[in-house]
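The primary structure of each chain is shown beneath.
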Amino acid sequence: MGEESSTSDGLDQTNYIDNSSKSLYTATLSDEFLHFYDNVFSDEKLDLIDDFLEHYETHGLNNWKGKISPSWKVPECYKDHERRAKYAQDMNLWHAHIGLPSWQSRENIPYLTSNQVLHFQKLSRYEIFVLSVSTHNPMDLPEID
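Summarised in this report is the structure supplied together with it. Just so you know, these numbers come straight off a predicted model, no measurement behind them.

## So, the layout of surface pockets
Volume-wise, the largest pocket comes out at about 290 Å³. Around the largest pocket, the lining comprises 17 residues; the ones closest to its centre are S30, E32, L131, S132 and E143. Those elements that provide at least two residues to the lining of the largest pocket are α1 (31–39) and β7 (127–135). For the lining of the largest pocket, the element with the most residues is β7, which contributes five residues. Of the residues that constitute the lining of the largest pocket, the class distribution is nine nonpolar, three polar and five charged. K73, P75, H95, H136 and M139 are, among the 14 residues lining the second largest pocket, the residues nearest its centre. Of the residues in the lining of the second largest pocket, the class split is six nonpolar, five polar and three charged.

## Concerning the pairing of β7
Sheet topology places strand β3 (residues 26–29) next to β7; four bridges connect them, and they run parallel. The residue bridging A27 from the neighbouring strand is I128, located in β7. Sheet analysis places strand β6 (residues 116–124) next to β7, joined by eight bridges and oriented antiparallel. Bridge pairing in β7 places F120 opposite V130. In sequence, β6 turns back onto β7 through a hairpin of two residues.

## Let's talk about the nonpolar core
Ranked by internal contacts, the top residues of the largest apolar core, which has 21 residues, are F33, I49 and F52. Broken down by secondary-structure element, the contributors of at least two residues to this core are α1, α2 (43–59), β5 (93–97), β6 and β7. Sort the elements by how many residues they give to this core and α2 lands first, with six residues. Beyond its immediate stretch of four places on either side in the chain, F52 contacts L61, W64, I68, A96, I98, L118, F120 and I128. Counting residues in each nonpolar core, the second largest holds 10 residues, with A88, L131, M139 and L141 among its members.

## What to know about the pairing of β6
Bridge count between β5 and β6: five bridges; the pairing is antiparallel. Among the inter-strand pairings, W94 is bridged to a residue of β6, identified as F120.

## So, a negative patch on the surface
Together, D43, E44, D47, D51, E54 and E57 make up a negatively charged patch on the protein surface. Looking at the element boundaries, D51 is found in helix α2.

## Let's talk about unusual backbone geometry
Note the cis peptide between L100 and P101, where omega equals -5°. By secondary structure assignment, the location of P101 is in the loop between β5 and β6. At the junction of N137 and P138, the peptide bond is cis and its omega measures out at 0° in the coordinates. Structurally, P138 is set in the segment after β7. One non-glycine residue, N92, adopts positive backbone phi at about 55°. Tracing the chain through its elements places N92 in the loop between α3 (81–90) and β5. On the accessibility criterion, N92 (24% relative accessible area) is partly exposed.

## Some words on the side chain of S132
Its place among the elements puts S132 in strand β7. Note on S132: relative accessible area 18%, which makes it buried. Residues contacting S132, with those up to four places away along its chain left out, are F33, V117, L118, H119 and P142.

Cut-offs and rules
- Residues numbered from 1 in each chain as written.
- Predicted model: local features only at pLDDT ≥ 70, side-chain atom pairs only at ≥ 80, totals over all residues.
- Heavy atoms only, no water.
- 1 Å grid on protein atoms, 1.4 Å probe; cavity = no way out; pocket = protein on both sides within 12 Å on 5 of 7 lines; lining within 4 Å.
- Points joined across faces, edges and corners; volume = space filled by probe spheres on them.
- Helix = DSSP H or I, 4+ residues; strand = E, 2+ residues; numbered from the N terminus.
- Nonpolar A, V, L, I, M, F, W, Y, C, P; charged D, E, K, R; others polar.
- Pairing = 2+ DSSP bridges.
- Core = buried A, V, L, I, M, F, W, Y, C linked by side-chain atoms within 4.5 Å.
- Buried < 20%, exposed > 50% of the residue type's maximum accessible area, 1.4 Å probe, protein only.
- Contact = heavy atoms within 4.5 Å.
- Patch = residues over 30% accessible without salt bridge, like charges linked within 9 Å, V, L, I, M, F, W, Y side chains within 5 Å.
- Areas by Shrake-Rupley, 256 points an atom, 1.4 Å probe, with all protein chains shown as cover.
- Salt bridge = Lys/Arg side-chain N within 4 Å of Asp/Glu carboxyl O.
- Lys, Arg positive; Asp, Glu negative; His and termini not counted.
- Charge placed at Lys NZ, Arg CZ, Asp CG, Glu CD.

What follows is the structure, encoded as structure tokens:
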């Protein structure tokens, strides 16, 4: 839809707002995560989180340089493996490696990993709810109220 405006010659002109640049993908930050984002995280961590969020809002979860995985793939060695896996699957929890403290690569693996990951809830194909950052192993799953 356009906005009506008046030109200097008195003729009405319609200016069309281009919505094609609006992102198809939406990342919402939880209140707790937003507190850490605004008050606690280092500039380095913020830059890496922002890299992921900008990538997500443009490309979704496709082609991120770091590994993205559902969090219900819990290692068998965890004492509470079944409880964690069920909780993560029920809440549709995922995590993305974000490059902290550094990116690590392995031969013949098409993605990078890191010690820290960004946790999010996958709400739909086009929307995530960002919850926390933690170490990958051992991984503490975020609590969702």
